[in-house]
Structure formats: C-alpha cells, structure tokens
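In case you want the letters, here they are:
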Amino acid sequence: EAYNYFYVVRNMSHVFIALIGLLFLVKIPYHVFEKYAKHILWANLLLMIYVLLFWETLNGATGWIQLPWIPFLLQPVEFLKFSVVIFLAYYFKKYKSKIDSFQEGFIPFLILLLVVVGILWLQPDFGSIMILWPIMVMMFFIAGARMKYLLSFFAMGVVLFVSVYHIWKYDKTVPESRNKLSYITDRIDNFITDEKELIKNKTINYQTEQALIAIGSWGFAGLWFGNSIQKFGYLPEVQWDFVFSVIIEELGFLWGLVLLWFYVFIWYRGYLISYYSLDLFAKYASFGITTWILVQACVNIWVNLNLVPLTWLTLPFVSYWGSSLLSLVLGLWVLLNISRYVDDTKPLNSSSNHFSRER
C-alpha cells in the first residue's frame, strides 16, 4: 500500500505544479512562443549538452538534472520535444516558399534533425528519437516538402535502426563486450525471441510477457481499481512504461476504450484546430503538438501489446513522470490557446487544401 500511495502523492505534486504553471501561461498568447522559438530551442539544446557534460548517468542514460525549485529530477528531453515543434512551426512559416528547395529547405531541416538525433544518441535515448523523428518529418511534409525528401528520411530511419542494432550487438556470453548502446540490441532481441526457456528464467522478454498477462487475463470488467495482481512484483515499472497494462487489468477493456477515446478526441480536436487556424505558425504548431501526443501514446500502447520493442516512453498524461506531464501540459496549453483564434466558419469539405503547398 505504501508503494501505491508514494506514487499517488508524488504524481499529485506533478499535477499541482502543472496546473499552477497553466494558470500563468493561460495569459500568454501563443505568438510569444513564435517570437522566441529560436531562443527556446537553443536554451533547451544547451541545457541538454550541460546535462551530458556535468550530470550523472541514471539507468544507463545521462538525461536528468535537479533544479532547486523543482521537487523532482527534470528530464530536458521532454521539453526538447516541445521546443522542436515550436521552432519548426516558426521556421516553416518564415521560409514557407523555400521548403521544397534542396539547399534552402531540405539541407537546413536535415542539419536540425541530425543535431537533435546526435544529442539524443549521446544520452543515449533512442525512445525519444523514435518520437521526434516521425514528428519532425510529418511536420516537414505538412509544410510542403517534396515526397522524395520524405522517402529519403524514411530510408535514413531504417538505416539508423539497422546500424544501431548490428554495430553495437555484442556476445552475450562475454559480458565485458557489452557497451553503452547494447541495451538497444537487447530490447530488439527480447522483442523477436521465441526462446521459452529464456522467458521463463526472466532473462528475456519478461516485461512484455507480464504486460500481456495483465491485459488478457481479466476481460471486460477487470479486477477494479487498486486490485491489480501483476503490479506487485510481477510487472516492473508499472508506473511508467506499463501503466496501460495495469489500467486494463484493473478497469477492464471498457475503461481501456474510454482511455483510447481520450486520445482519439485529442487527435480529432487537435487536427481540427490546425485545419481552422488562419496563421501558418498556429497550423504547424497545433499539428506538431497533436502528432507528438498521438505518436507517444501509440508507441507506449504498442509496447504494452508487444507490437514494438521496449522504449521507456511514458503514456501521455497518465504515466508517473513529472517532466513528461509538465511538457505535455505546456503543449496542450498552446494548443488550447491557438483554438481561441481559429476561423471555424470554413466548411470541412472545402475544396481548398488546408495544407496547400505554395510552390
């Protein structure tokens, strides 16, 4: 019981801080973020570099910092997601006519993408790369990028994934050969293995096996709130990666569908706000924020369903993680603020393309 109450109390403090921040931010028009988009991104990148150079490694990654006025460790990468979305919205609006140019559109975007990926690589945090890569590429497409550019980024993503797996793969019989990025190959091996004896011995794929047991054992109604069995010593990290499995176990598929409806509602309203926005920055920012929430939610749920390898990504607005909650609330506030300035008189079946390319 103390274990449960600890995370409840701590998460309530996260929610309280987020709501207090929201009360202050609600008075700030979204144009302020457009004005200072470059400064926000540079400050976040410098903070991440500072963390890499001067802060300790936790759980195999160097990505946390303790600030005196925050009662928990802060993870700058969560705010990097927000700052990248805001900067790209600013950049794509300013250089809209040059997006389809190779030298003035593709190359600058590629440089930014490589800088972001490079910093995350050094942590290492490939889960965040899995989130930011598709968000950035989708925003690039919406802004008017050529299809061949998108295909090239897809190919680069595949090459990156395959390279990380093969270059840092190690001989498991020789523990000394393990390196900083070997956890990536471990997770992929865990995902694809069918060696039942290894699973039985809790050496491979154990977490996802327990997550599937939690999801599939208790049917439509579940065990009800607080009565999970898997979270007591069976399923690790239930407050972060695998909170979705425990929700299904305790509340059943009915409330699982309610949670999924919550994300579908954000998807629908977020893209609708983007559609009706008159300002290009607002269009791109609302699209990027909505995509960020959806991609992260999908990846987390797919991990619980064993459809993708383990990533250590939180379920938006649900998992215990202060930095994630604060950054997501910041993004959601910008989305709500943008909604105050939309023109909802345009019909949805308008013949004009909402994201038309200005060639």
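Shown above is the structure to which this text applies.
Here we summarise the structure given alongside this text.

Thresholds, definitions, all that
Residues numbered from 1 in each chain as written. Predicted model: local features only at pLDDT ≥ 70, side-chain atom pairs only at ≥ 80, totals over all residues. Heavy atoms only, no water. Helix = DSSP H or I, 4+ residues; strand = E, 2+ residues; numbered from the N terminus. Buried < 20%, exposed > 50% of the residue type's maximum accessible area, 1.4 Å probe, protein only. Contact = heavy atoms within 4.5 Å. Areas by Shrake-Rupley, 256 points an atom, 1.4 Å probe, with all protein chains shown as cover. Phe/Tyr/Trp six-rings, centres within 6.5 Å; stacked < 30°, edge-to-face > 60°. Core = buried A, V, L, I, M, F, W, Y, C linked by side-chain atoms within 4.5 Å. Expected span 1.5 Å × (residues − 1). Arc of directions from axis to C-beta. Salt bridge = Lys/Arg side-chain N within 4 Å of Asp/Glu carboxyl O.

### Focus: the overall build of the protein
Along the backbone of the protein there are 13 helices and 0 strands. Tracing the protein from N to C terminus, the helices and strands come up as α-α-α-α-α-α-α-α-α-α-α-α-α. Within the protein, buried positions represent 50% of all 359 residues. A sequence separation of at least 24 residues applies to 72% of the contacts in the protein between residues at least 6 apart. Split by element, the accessible area of the protein, about 18,000 Å² in all, is 69% carbon and sulfur.

### A word on the packing of aromatic side chains
The relation between two aromatic rings is expressed through the spacing of the ring centres and the mutual angle of the planes. Going through the model one piece at a time under the given rule, you end up with 26 aromatic pairs. An angle of 65° between the planes, with centres 6.0 Å apart, marks the rings of Y91 and F92 as edge-to-face. Judged by centre distance (6.4 Å) and plane angle (10°), the rings of F140 and Y149 are stacked. Taking the relative accessible area as the measure of exposure, F140 reaches 0% and is therefore buried. Of the residues examined, Y149 reaches a relative accessible area of 6% and is grouped as buried. A connected cluster of aromatic rings, assembled from ring pairs, spans F87, Y90, Y91, F92, Y95, F102, F106, F109, F140, Y149, F153 and Y284.

### Examining the nonpolar core
The biggest cluster of nonpolar side chains holds 76 residues, and the ones touching the most others in it are L80, F92, M139, F140, F153 and V334. Listing elements by their share of this core, those giving two or more residues are α3 (37–54), α4 (76–94), α5 (102–122), α6 (126–143), α7 (147–167), α11 (243–276), α12 (280–304) and α13 (322–339). Residues in contact with F92, not counting those within four places in the same chain, are I99, F109, M139, F140, A143 and Y284. Among the nonpolar cores identified, the runner-up in size contains 5 residues, and V51, I65, F79 and L326 belong to it.

### With respect to the side chain of E34
By the element assignment, E34 lies in helix α2 (residues 31–35). Setting aside residues no more than four positions away along its own chain, E34 makes contact with Y90, K93, D279 and F281.

### What to know about α7
Over its 21 residues, α7 runs 30 Å from end to end, which matches the ideal 30 Å to within 8%, given 1.5 Å per residue. Along α7, the positions that sit buried rather than exposed are Y149, L150, F153, L160, V164 and Y165. Looking down the long axis of α7, one finds its buried residues gathered within 150° of arc, a one-sided arrangement. Among the exposed residues of α7, those oriented more than 90 degrees off its buried face are K148, L151, V159, H166 and I167.

### A short note on the environment of I131
With respect to the helices and strands, the residue I131 is situated in helix α6. According to the relative accessible area criterion, I131 is buried, its value standing at 0%. For the pair I131 and L313, spaced 182 residues apart in sequence, the C-alpha separation works out to 9.0 Å. For I131, the contacting residues outside a window of four places in its chain are K81, W292, V295, Q296, V299 and L313.

### Some thoughts on α13
For α13, built from 18 residues, the straight-helix expectation of 26 Å at 1.5 Å per residue is met to within 8% by its first-to-last C-alpha distance of 26 Å. Counting buried residues in α13 gives 15 out of 18 residues, a clear majority hidden from the surface.

### Re the pattern of salt bridges
Considering all chains together, one arrives at 5 salt bridges under this definition. Residue D279 pairs with K93 through a salt bridge whose shortest N-O separation is 2.7 Å. Of this pair, D279 sits in the loop between α11 and α12 while K93 sits in helix α4, and the two are 186 residues apart along the sequence.

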